[in-house]
Amino acid sequence: MTDRMPYILGNWKMNLDIETAMSVAADVADIANDAAADVGVGLAIPYPWIPLIASEHAESNLLIGAQDVSPEESGAFTGDVSAGMLAPWCTFVIIGHSERRSIHGESNALVRAKLAAALAHGMAPVLCVGETQAQRDAGLTMDVVSDQVRSASTHLGGVELRSLLVAYEPVWAIGTGLTAEPTDAQAVAAHIRQVLGTVDIEAAASVPILYGGSVNGDNADAYFACPDVDGALVGGASLSADAFLPIVRAALG
Ligand code: PEP
C-alpha cells in the first residue's frame with residue numbers, strides 16, 4: 001500500500017438477522033474507531049437494517065454502505081431503492097458486484113448509470129470489476145477489467161474520480177476460498193489505475209483500489225503489501241468481528 005488511505009469494507013450480502021447484525025456492527029464500530037486515523041472501516045448492510053445501524057453509530061467512525069442502488073431518481077420501480085433514499089444514511093454504495101452482474105444480468109451500461117446516481121447524491125461508489133473463470137482461462141482478464149472500468153469512468157471528471165473506489169474481485173475467488181495470487185492482484189490493480197489515468201492521471205493516483213475474493217486474516221497481509229492494492233472488500237469474513245478484525249489489523253500494518 002502507499003500513502004493512499006486503505007479501506008476495509010465488509011459486504012454482508014443477504015445475511016444476518018437484526019440482533020446479530022446490530023451486535024456485529026457494534027463490534028466493527030469499535031474496530032473502526034480504533035483504526036480511524038489510518039484505515040477506513042465500513043460495512044455494506046442489507047437495506048432494512050441501514051437506518052437502524054446508521055443511527056446507532058452516527059457518532060462513530062464506522063462507514064455505512066449499501067450493496068446496490070437504483071439508477072433512477074424515483075417512480076414506478078418496484079423493489080428498487082434510490083440514491084436519494086440511501087444518501088441520508090450511507091457514505092458509500094457497492095455498484096456492479098459480480099452477484100448483481102451474474103444473477104441480475106446487470107450490464108456495464110446499467111453499472112455506469114448507477115454510479116452516476118450515487119455520485120449525484122454524494123455517495124462514494126465502490127465499483128466492482130473482475131473476470132470469470134472462463135474469461136481468465138481465455139486470457140481475457142485485462143480486457144474484461146478494462147472494459148468494465150472504462151465504461152464506468154470515461155465520462156467522469158477528476159472531482160468525481162476522486163470520490164470513486166474500485167474493487168478488483170475475480171469472480172472465481174468470491175466466496176469460494178480460492179484467491180488470486182498477490183502478484184496477479186497487483187498487476188490487475190496497476191492496470192485499473194492505468195485505465196483510470198486515461199481519464200485523469202492525478203485523480204487516478206488517489207483512487208483506492210481494493211482486492212476482494214476470499215480475503216481473511218491469514219492472506220490479507222500479502223495483498224496489502226502490493227503497491228496498488230489499498231485494502232479489501234470482504235464478504236464471508238465480515239460476518240463476524242472476530243474474522244474481520246485481523247484483516248483490519250493487517251491493513252494497519
Ligand atoms: C464479496 O462478496 O465481495 C467477497 C469478496 O466475498 P468473499 O470475501 O466471501 O469472497
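Residues numbered from 1 in each chain as written. Predicted model: local features only at pLDDT ≥ 70, side-chain atom pairs only at ≥ 80, totals over all residues. Heavy atoms only, no water.

## Considerations on the pattern of salt bridges
Part 1 of the argument: Applying the stated criterion across every chain yields a total of nine salt bridges.
Part 2 of the argument: Linking Glu106 and Lys114 is a salt bridge whose minimum nitrogen-to-oxygen distance equals 2.6 Å. Pair check on accessibility: Glu106 and Lys114 agree, each one buried.
Part 3 of the argument: Overlapping salt bridges, with partners in common, bring together Arg4, Arg193, Asp228 and Asp230 in one network. (Salt bridge = Lys/Arg side-chain N within 4 Å of Asp/Glu carboxyl O. Buried < 20%, exposed > 50% of the residue type's maximum accessible area, 1.4 Å probe, protein only.)

## Considering helix 1 (residues 18-35)
Part 1 of the argument: With 18 residues, helix 1 extends 25 Å from end C-alpha to end C-alpha; this agrees with the ideal 26 Å at 1.5 Å per step.
Part 2 of the argument: Within the sequence span of helix 1, burial applies to Ala21, Val24, Ala25, Val28, Ala29, Ile31, Ala32 and Ala35. Looking straight down helix 1, one finds that the buried residues subtend no more than 165° of arc, so they occupy a single side. Across helix 1 from its buried face, at more than 90 degrees, point the exposed residues Glu19 and Asp34.
Part 3 of the argument: Residues of helix 1 that are buried make contact with strand 2 (40-44), helix 2 (50-56) and helix 12 (241-252). (Helix = DSSP H or I, 4+ residues; strand = E, 2+ residues; numbered from the N terminus. Expected span 1.5 Å × (residues − 1). Arc of directions from axis to C-beta. Contact = heavy atoms within 4.5 Å.)

## Focus: the site of the ligand
Part 1 of the argument: Taken together, the neighbourhood of the ligand is formed by 14 residues, with Lys13, Glu169, Gly175, Ser214 and Gly235 sitting nearest.
Part 2 of the argument: At 2.7 Å from an oxygen atom of the ligand is found a side-chain nitrogen or oxygen belonging to Lys13.
Part 3 of the argument: Computed on the free molecule, the ligand has an accessible area of 290 Å², of which 96% lies beneath the protein chains in the complex. (Near = heavy atom within 4 Å. Polar contact = N/O pair within 3.5 Å; in protein donor to acceptor, adjacent residues only side chain to side chain. Areas by Shrake-Rupley, 256 points an atom, 1.4 Å probe, with all protein chains shown as cover.)

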